[in-house]
Protein chains: 6
Amino acid sequence: MTDSPLLKPSPPRPSGRRANQLRDVRITRHYTKHAEGSVLVEFGDTKVICTASIAERVPEFLRGREQGWLTAEYGMLPRATHTRSDREAARGKQTGRTQEIQRLIGRALRSVFDLNALGARTLHIDCDVIQADGGTRTASITGAFVAAHDAVGKLLAAGKIAQSPVKDFVAAISVGVFEGAPVLDLDYDEDSQCDTDMNVVMTGAGGFVEVQGTAEGAPFSRDEMNELIALADSGIKALILKQKEALGIQGV
Amino acid sequence: MTDSPLLKPSPPRPSGRRANQLRDVRITRHYTKHAEGSVLVEFGDTKVICTASIAERVPEFLRGREQGWLTAEYGMLPRATHTRSDREAARGKQTGRTQEIQRLIGRALRSVFDLNALGARTLHIDCDVIQADGGTRTASITGAFVAAHDAVGKLLAAGKIAQSPVKDFVAAISVGVFEGAPVLDLDYDEDSQCDTDMNVVMTGAGGFVEVQGTAEGAPFSRDEMNELIALADSGIKALILKQKEALGIQGV
Amino acid sequence: MTDSPLLKPSPPRPSGRRANQLRDVRITRHYTKHAEGSVLVEFGDTKVICTASIAERVPEFLRGREQGWLTAEYGMLPRATHTRSDREAARGKQTGRTQEIQRLIGRALRSVFDLNALGARTLHIDCDVIQADGGTRTASITGAFVAAHDAVGKLLAAGKIAQSPVKDFVAAISVGVFEGAPVLDLDYDEDSQCDTDMNVVMTGAGGFVEVQGTAEGAPFSRDEMNELIALADSGIKALILKQKEALGIQGV
Amino acid sequence: MTDSPLLKPSPPRPSGRRANQLRDVRITRHYTKHAEGSVLVEFGDTKVICTASIAERVPEFLRGREQGWLTAEYGMLPRATHTRSDREAARGKQTGRTQEIQRLIGRALRSVFDLNALGARTLHIDCDVIQADGGTRTASITGAFVAAHDAVGKLLAAGKIAQSPVKDFVAAISVGVFEGAPVLDLDYDEDSQCDTDMNVVMTGAGGFVEVQGTAEGAPFSRDEMNELIALADSGIKALILKQKEALGIQGV
Amino acid sequence: MTDSPLLKPSPPRPSGRRANQLRDVRITRHYTKHAEGSVLVEFGDTKVICTASIAERVPEFLRGREQGWLTAEYGMLPRATHTRSDREAARGKQTGRTQEIQRLIGRALRSVFDLNALGARTLHIDCDVIQADGGTRTASITGAFVAAHDAVGKLLAAGKIAQSPVKDFVAAISVGVFEGAPVLDLDYDEDSQCDTDMNVVMTGAGGFVEVQGTAEGAPFSRDEMNELIALADSGIKALILKQKEALGIQGV
Amino acid sequence: MTDSPLLKPSPPRPSGRRANQLRDVRITRHYTKHAEGSVLVEFGDTKVICTASIAERVPEFLRGREQGWLTAEYGMLPRATHTRSDREAARGKQTGRTQEIQRLIGRALRSVFDLNALGARTLHIDCDVIQADGGTRTASITGAFVAAHDAVGKLLAAGKIAQSPVKDFVAAISVGVFEGAPVLDLDYDEDSQCDTDMNVVMTGAGGFVEVQGTAEGAPFSRDEMNELIALADSGIKALILKQKEALGIQGV
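Residues numbered from 1 in each chain as written. Chains lettered and ligands numbered in written order. Predicted model: local features only at pLDDT ≥ 70, side-chain atom pairs only at ≥ 80, totals over all residues. Heavy atoms only, no water.

Here we come to the UniProt feature "domain: Exoribonuclease phosphorolytic" (unreviewed entry) in chain A. Under the UniProt annotation, "domain: Exoribonuclease phosphorolytic" (unreviewed entry) lies at residues 21–151 and 168–232 of chain A. Counted over residues 21–151 of chain A, helix gives 27% and strand 31%. Its end C-alpha atoms are 31 Å apart. (UniProt positions renumbered as here; feature names shortened; annotations may be inferred. Helix = DSSP H or I, 4+ residues; strand = E, 2+ residues; numbered from the N terminus.)

Here we come to the interface of chain A and chain F. Taken together, the 37 residues of chain A in the interface contact 37 residues of chain F. Buried area between chain A and chain F, both sides added, is near 2900 Å², and the carbon and sulfur share of it is 48%. When residues of chain A are sorted by the area they lose upon contact with chain F, His-34, Arg-79 and Arg-87 of chain A head the list and together hold 26% of the total. Our count for the chain A to chain F interface comes out at 14 salt bridges. Here Glu-36 of chain F makes a salt bridge to Arg-79 of chain A, at a shortest N to O gap of 2.6 Å. Where the side of chain A that touches chain F is concerned, the elements lending two or more residues are strand 3 (46–55), strand 4 (69–76), helix 1 (88–91) and strand 5 (122–131) of chain A. Sort the elements by how many residues they give to the side of chain A that touches chain F and strand 5 of chain A lands first, with six residues. (Contact = heavy atoms within 4.5 Å. Buried area = accessible area lost by both parts, 1.4 Å probe. Salt bridge = Lys/Arg side-chain N within 4 Å of Asp/Glu carboxyl O.)

Let us look at the packing of helix 2 (residues 96–110) of chain B against helix 3 (residues 136–157) of chain B. Residue and element names in this part refer to chain B. Between helix 2 and helix 3, whose axes approach to 10 Å, the crossing angle comes to 40°. Accordingly, the angle class assigned to the pair helix 2 and helix 3 is oblique. The chirality of how helix 2 crosses helix 3 is right-handed. Together, Arg-97, Glu-100, Ile-101, Leu-104, Ile-105, Ala-108 and Leu-109 of helix 2 and Thr-136, Arg-137, Ser-140, Ile-141, Ala-144, Phe-145 and Ala-148 of helix 3 make up the contact between the two elements. When the residues that make up the contact of helix 2 with helix 3 are grouped by side-chain class, the tally is nine nonpolar, two polar and three charged. (Axes fitted to C-alpha atoms, helices over the stretch in contact; angles between N-to-C directions. Parallel < 35°, antiparallel > 145°, perpendicular 65-115°, else oblique. Left-handed = near helix turned anticlockwise from the far one by under 90°. Nonpolar A, V, L, I, M, F, W, Y, C, P; charged D, E, K, R; others polar.)

All names here are of chain E. Turning to its location among the elements, Ser-234 is positioned in helix 5 (residues 222–247). Given a relative accessible area of 34%, Ser-234 falls into the partly exposed group. Along the chain, Ser-234 and Phe-113 lie 121 residues apart, while their C-alpha atoms are 23 Å from each other. (Buried < 20%, exposed > 50% of the residue type's maximum accessible area, 1.4 Å probe, protein only.)

Our next topic: the relation of the copies chain A and chain F. Its rotation angle being 180°, the transformation that places chain A on chain F also includes 0.0 Å of axial translation and leaves an RMSD of 0.0 Å. Each copy turns onto its partner about a two-fold axis. A share of 100% of interface residues in chain A that are also interface residues in chain F marks the association as one of identical surfaces. (Least-squares fit on C-alpha atoms with pLDDT ≥ 70 in both.)

Strands in a sheet are paired, the pairing made by backbone hydrogen bonds, and the direction either parallel or antiparallel. Residues and elements named next belong to chain F. Read across the open sheet, the five strands follow the order 1-2-3-5-4; overall the sheet is mixed. Looking along the sheet, the strands with just one partner apiece sit at the ends: strand 1 (25–29) and strand 4 (69–76). Between one strand axis and the next, the sheet turns by 15° as a mean value, whatever way the strands run. Note: strand 3 (residues 46–55) against strand 5 (residues 122–131), nine bridges, orientation antiparallel. Residue pairing in the sheet places Ala-52 in a bridge with Ile-125 of strand 5. Across the sheet, helix 2 (residues 96–110) lies against strand 4 and strand 5, angled at about 145° from strand 4, the strand it touches most. (Pairing = 2+ DSSP bridges.)

Once that is clear, we can look at the pairing of strand 5 of chain A. All names here are of chain A. Across the ten residues of strand 5, ten count as buried, placing the element largely inside the fold. Taken together, the eight bridges between strand 4 and strand 5 define a ladder with parallel strand orientation. Bridge pairing in strand 5 links Gly-75 to Asp-128.

Here Ile-101 of chain D shows up in helix 2 (residues 96–110). For the pair formed by Ile-101 of chain D and Gly-16 of chain D, sequence separation is 85 residues and the distance between their alpha carbons is 28 Å.

Scanning all chains against the criterion turns up 132 salt bridges over all chains. A salt bridge links Asp-185 of chain E to Arg-23 of chain E, with the shortest nitrogen-to-oxygen separation between them at 3.0 Å. On the criterion of sequence distance, the pair formed by Asp-185 of chain E in the loop between strand 7 (181–184) and helix 4 (188–191) and Arg-23 of chain E in the segment before strand 1 (25–29) is long-range, its members being 162 residues apart. The pair formed by Asp-185 of chain E and Arg-23 of chain E is uniform in burial state, with each residue classed as buried. Salt bridges sharing common partners tie together Arg-13, Arg-17, Arg-23, Asp-133, Asp-185, Asp-187 and Glu-190 of chain A.

As structure tokens, this is what we get:
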């Protein structure tokens, strides 16, 4: 990839990583004790607590249908970031950015869940960033899948559902154009200076669930997009191996 | 495009359009009388009023810097849609969807504006949907560019700025996979049944500003994505011609 | 009227209209396609989209009673006015002025509706000002009646109700004391300088539904009030003819 | 008045009052100790605490102009009424009715205040209903004038202003058509059953500041309106005598 | 008490009261006419209207259980205080202080109510301060008990409940360390300068329901706490006598 | 203590702890990397992240005075608890409980800070519960002190302040009457069943900053209160040793 004739050779990354190198990824299950699924996911210095909670009810718009629901919320501790942000609960509303991210997490996970197989219950995903260093939404999706998988495991073990509603794995990674070169898994230093930032969500089978690319500076070209997509694809394959390893399984 | 070996031949679209055919696009300038720029943009039955208003001040975070700002808000009349939605002003907050769209419009337009050349003033873009039939965000971006261009023209004519802050054209279109085939410019009937929905924002020079693809049903493949991007590229070229025609100019 | 011994001869109006002359009034039915009733009403440069939407449910306080409800909401596009106003949805609440107007519209329309004949359903009126030049509330009431009449027509045509709940016509107009003389149908230039501003709502049978007079400057006298009421009466008669013409009917 | 040939003879009122008879009106000055002006006003069983507070600053829109401001707020204790209402502070917003009333109180008082003579300060009027039996807004205006007069008296006594900004007296009363007959000063029993309800605000010189008439049931006629206005006029004259008596003065 | 060897002799209090002397306490029943229980309680210049309203329903979390509920809300008129405070209803939320106080009032009253004996209904307590001079929360609890007792009396008289749910009396008082000496029933002058402020809620049987002591300045010692508790105990005994006297009874 | 003649011998605690035994207390400094002070505090299974952030500005009410401020906010992850709670940011407001706790944390810390010595800056304390098992407010105060101490250390090290504003240590613990016997440091099992719950905040010098005791069931007696206070005193001494140990110092 780095020998593409179209792009400049990759300049040194602030972290010293290679262009296609993920940060250290750690997935710790059973991180807190009350939730049906609870995971601490770390992409380098980005740390997110992802919990999956089961509620034996469904939202109003699904009443009377034999179908479940999965929804996600996202938050950040006020001092997860370099400078303190206002606490959303104190301000009385979530920012547009927060809403965008939690909608993305929900869509990503629903793409691999069979909501009929879940029965008339809701899976609440909560992703709370305790330390931010870029990539909080991609870490959230990657960790939340494992938490949701654990929660579903409890339903299966308790005999509440007969078969797993999990149809496939799902994970997410960011890619971007940093100093003219495509790189994988942007940290904060890169994210705050990059020209293009793209978040990609893919399934274990290699299908795309979401592609969200934004030119922060100069617009990006078709070739850059192709390079970025290829990088993301390799990163997500590695993340899904991490998920499988954490769950101690070989496949779904 | 329809002879791609990878994809099924395009099925008939509900509207009878060809796969790569836009709806009738109409851009009416000077639609309302008070705003510095005011456009009614129509993508078929989707109708959006886009205004650009100039304020001689900048947000707090830019105080004291010789730089302008451009920001966008989006709304929909309660009965712009098939069934009436709650009025956001009465509910007391904007939905996540609304916030997502208005953030997208703002980023799209800022990508082609030189905010230094704008001086210490703010360009407020308002996109209000009076009738919705799919593609309201892409119509908004396409119409808002023309309204912003008109507003800037007033600043130039009044001698308030010496050169135009407009660096390039920008327009947006949706593409999607409908019954297995990629199609351009989804209307509501298609949008509500499609597997993949992608919104693409591009500049006059052909650079990508935003690519937002979502698998509503089955994940999409790399090949599908390539087909969709190509369709979007052709659609945006046509939209930018419409913008130029409306503005009575040949280039920026 | 202009030869009243009590009042000064009417000075020239900014618009050149005679004291008892309405602006051009246009009522365009079927303006948008989704609503059961949809009207663009124009009083000169004041333009309001009025829709009437039928919902097959009633508010909580009417549950279990065989009666319908009619309620109204009002809004203004941020740049409908000379200078841009904050978007109410973004601010998170409606102004007192907005609430006052939408309550007035609701009361005005309910005065000519037999809510028992409507059955257990709600008629939602939405009045959204796309261009403001004075008299937005009176234009709203006048247009909303036509939209509601159309919505009711659909219920009748569908056999959902056996007889029309519309008991009479209703319309509204503003009158005021401008430079010492009573004038009909104030536009923005007059409204912003007048001493007294009065909004009057009347039925086709000539009964008063609302009279709201406010002294913006000097208090007004009993004689002035009488002159204003007479002007309003003549204006509303003309408006109801416009409504009948738009609906293509001779009476209720 | 009751011998009008146009109207039915006045039926017995629930309270036994004559058609043109006010309830017992009591105005108690210096009711609470902190406010610059503090009045308990009672219209029969309707009891409102009206305070006038002086703040040595003006709202944003008046900054830098040598002019004062007068603004009013209105509230009701949750159990001032027959059945308990939600506390607005707990619900997190004021109702449309509350906003309508406080805007009315503010306009009424501003009509008799010379805001230039007040200097760069704000007079905050607070009207809080501790017991409601109809006519809370008219009692509020009538009592608030006395509180504001007292507050202004303190400014004069302290030498902060050289001349009184009070240009005239102002008071308010309700009138209505109860069982077909016009009556003065509606109490709750009448208000909840009347066909027409009209609130009238007038100055000491007999000018109209506000006339707000609403047909709750059948529309009202020109003759009824004339009768109501005459009743209101007589009632306000009596109220202004009460204000003068309370203030121990003969005129302004 | 003032001869304690541990504490300095009590300095003169601003009000001239002895260290263990309450202000004049007055409890006026039937203060407003609509509520099932309505009391004006005065602790010197602190005046609070306490009403108790009965609703024949229970909150969601008690549905289907044969149990009642008691809840309290607290408010202050904007100019109950030395300088005007913002109206909470206008600001759109209650302060933390307000919430703290209303939660305290609710807990205090529930401690002496048998909610099973109340049946499936809710007792709403509203405490609204019309004049503040320190001790508004303790006056509120003391007055609210009498209002609640009256409301319960109406249920008993109407045969809606067979036995009183009132298990004991409850009252509250503040104590504090003022210029080094413990004093009873702080007024505003003392409260704003004291080192320690403690609110104590006790039952007729002498049990503690709440003890909330805060060091505003220097921390307080164990001995000071003991002195304060003893003072509070004597004050509450006196308040409960006042409650009994107001209710015209000898015991519960 | 357990041989008090007044109280029943202490029954077995669910956790098997002795009546006067704290849970395992762990204080981990430098827990997250961005904040000037960052501590994970654990009282058994209760885990709270406490950060202290320095802002070079003060709130409006302190403008122009050479004094600093310290303020605290508190939150809980939605699934920190046995069953998921609503996210306060999504609901749009903080509960009364949250506000009570964060006000308590702020008061507790301010009691040992010399705000003049802090200079014109604000210390923001954030306490976010990631796992709750009783005692979250006492753990928060205990951990927040260490975080604040670290933040102040950075100011001293950077030469921004000449002397430490920290006047003394401060810590907090809960005590309660569980099955008739006083016990120290209630966990969730005890907290949810206890009759009396008391939170005590004390300084290193042994002074009381806050005492908040509530009878959840039966009122508590003077003797019980004395026992509880003695237990709290011993617990806080142990906590302050833990704080000193974590900070690696012998005194302030």
